[in-house]
Amino acid sequence: MAQEMIEGVNPTRMELLKLKDREKLAVKGHGLLKEKRNALIMEFFNILDRVKGSRENVENKLAEAFEDLTAAQIIMGDLAVKKAAMSVKESIKVEIDSRSVMGVSVPLIDAETSNRSIVERGYGFVDTSAKIDEAARNFEESIKLIIELAEIEKTIVLLAEEIESTKRRVNALEHIIIPRMENTVKYIEMRLEEMERENFVRLKMIKKSMGT
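Right, let's walk through the structure included here. Being a predicted model, the structure only gives us computed values, none of them experimental.

Quick look at the overall build of the chain
Part 1: Looking only at helices and strands, the chain has four helices and two strands in total.
Part 2: Its helices and strands in sequence order give the chain the pattern α-α-β-β-α-α, from N to C terminus.
Part 3: Sorting the 212 residues of the chain into buried and exposed places 27% on the buried side.
Part 4: Excluding contacts between residues fewer than 6 apart, the proportion of contacts in the chain whose partners are at least 24 apart in sequence is 78%.
Part 5: Within the structure as shown, the chain displays about 14,700 Å² of accessible surface, and the carbon and sulfur contribution to it stands at 57%.

Now the structure itself:
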């Protein structure tokens, strides 16, 4: 099978010099992209380790919260728990910014969450159980952990997309673009050598015909 080359390139010394410069840039770019890909993969796996722990924290805290909620429903009854829930005031403010990880823009979530007192939550303490306070506290802590997990998981998704994109560019340079440049350089050099030989033979024939 014929080796692939860049189409439409004239076999001249000027084109050869231009192509060699492009080849050097492509090789340099390939090296830089490989370094970026490797660094992104390392960062990806570092954050991936955090995800596992973060998910476990969320699951454990939610399990505690639902256990307390179930206990509160048993002690107070469903209606009283729903009434207390309806009186709870919203208190979470979330601001989303961004930061750069290896040149990738990832979310930076700032959430104002805090453990509140019964008065701050909005329901009374006379007709409620201590279990509902524990459930509320655990749910508040769960929200904070869920927001942290969302930030980490979105970061992982964006890093994975950038890794895949970088891998495609590395492969394209390594297996398509650079080989085509190398083949084209070899072709031009071969053609120039042929042309030099042809010129030499032609000059020799001219000299012979002129009797010199």
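Here the narrative resumes, following the displayed structure.
Structural notes on the nonpolar core
Part 1: Ranked by internal contacts, the top residues of the largest apolar core, which has 15 residues, are Val-104, Ile-156 and Leu-159.
Part 2: Sorting the residues of this core by element identifies α1 (13–76), β2 (104–112) and α4 (130–209) as the ones contributing at least two each.
Part 3: Top contributing element to this core by residue count: α4, with seven residues.
Part 4: Leu-16, Ala-26, Val-170 and Leu-192 belong to the second-largest nonpolar core, a separate cluster that totals 12 residues.

A few points about the packing of α1 against α4
Part 1: Two numbers describe how α1 lies on α4: the axes approach to 4 Å, and their chain directions differ by 165°. One way to sum up the angle between α1 and α4 is to call them roughly antiparallel. By crossing handedness, the relation of α1 to α4 is classed as left-handed.

Things to note about the packing of aromatic side chains
Part 1: For the coordinates displayed, the defined rule picks out two aromatic pairs.
Part 2: Judged by centre distance (5.4 Å) and plane angle (85°), the rings of Phe-44 and Phe-45 are edge-to-face.
Part 3: You can call Phe-44 buried: its relative accessible area is 16%.
Part 4: Measuring from ring centre to ring centre gives 5.1 Å for Phe-66 and Phe-139, while their planes differ by 90°; the resulting arrangement is edge-to-face. Here Phe-66 is found in helix α1, whereas its partner Phe-139 is found in helix α4, with 73 residues between them in sequence.
Part 5: Phe-66 sits in the partly exposed class, given a relative accessible area of 47%.

Focus: the packing of α1 against helix α2 (residues 78–86)
The relative placement of two packed helices is expressed as an angle between their axes plus a distance between the axes.
Part 1: Running from N to C, α1 and α2 point in directions that differ by 120°, and their axes come no closer than 7 Å. As summarised for this structure, α1 and α2 are arranged oblique, according to the angle between their axes. Side by side, α1 and α2 meet where Leu-69, Ala-72, Gln-73 and Met-76 of the first sit next to Asp-78, Ala-80 and Val-81 of the second.
Part 2: Taken together, the residues of the contact of α1 with α2 break down into five nonpolar, one polar and one charged.

What to know about the pairing of strand β1 (residues 93–101)
Part 1: Strand direction decides the pairing type here: β1 and β2, joined by nine bridges, are antiparallel. Directly across from Val-101, in β2, lies its bridge partner Val-104.
Part 2: In sequence, β1 turns back onto β2 through a hairpin of two residues, with Met-102 there showing a positive phi of about 55°.

Definitions and limits used
- Residues numbered from 1 in each chain as written.
- Predicted model: local features only at pLDDT ≥ 70, side-chain atom pairs only at ≥ 80, totals over all residues.
- Heavy atoms only, no water.
- Helix = DSSP H or I, 4+ residues; strand = E, 2+ residues; numbered from the N terminus.
- Buried < 20%, exposed > 50% of the residue type's maximum accessible area, 1.4 Å probe, protein only.
- Contact = heavy atoms within 4.5 Å.
- Areas by Shrake-Rupley, 256 points an atom, 1.4 Å probe, with all protein chains shown as cover.
- Core = buried A, V, L, I, M, F, W, Y, C linked by side-chain atoms within 4.5 Å.
- Axes fitted to C-alpha atoms, helices over the stretch in contact; angles between N-to-C directions.
- Parallel < 35°, antiparallel > 145°, perpendicular 65-115°, else oblique.
- Left-handed = near helix turned anticlockwise from the far one by under 90°.
- Phe/Tyr/Trp six-rings, centres within 6.5 Å; stacked < 30°, edge-to-face > 60°.
- Nonpolar A, V, L, I, M, F, W, Y, C, P; charged D, E, K, R; others polar.
- Pairing = 2+ DSSP bridges.

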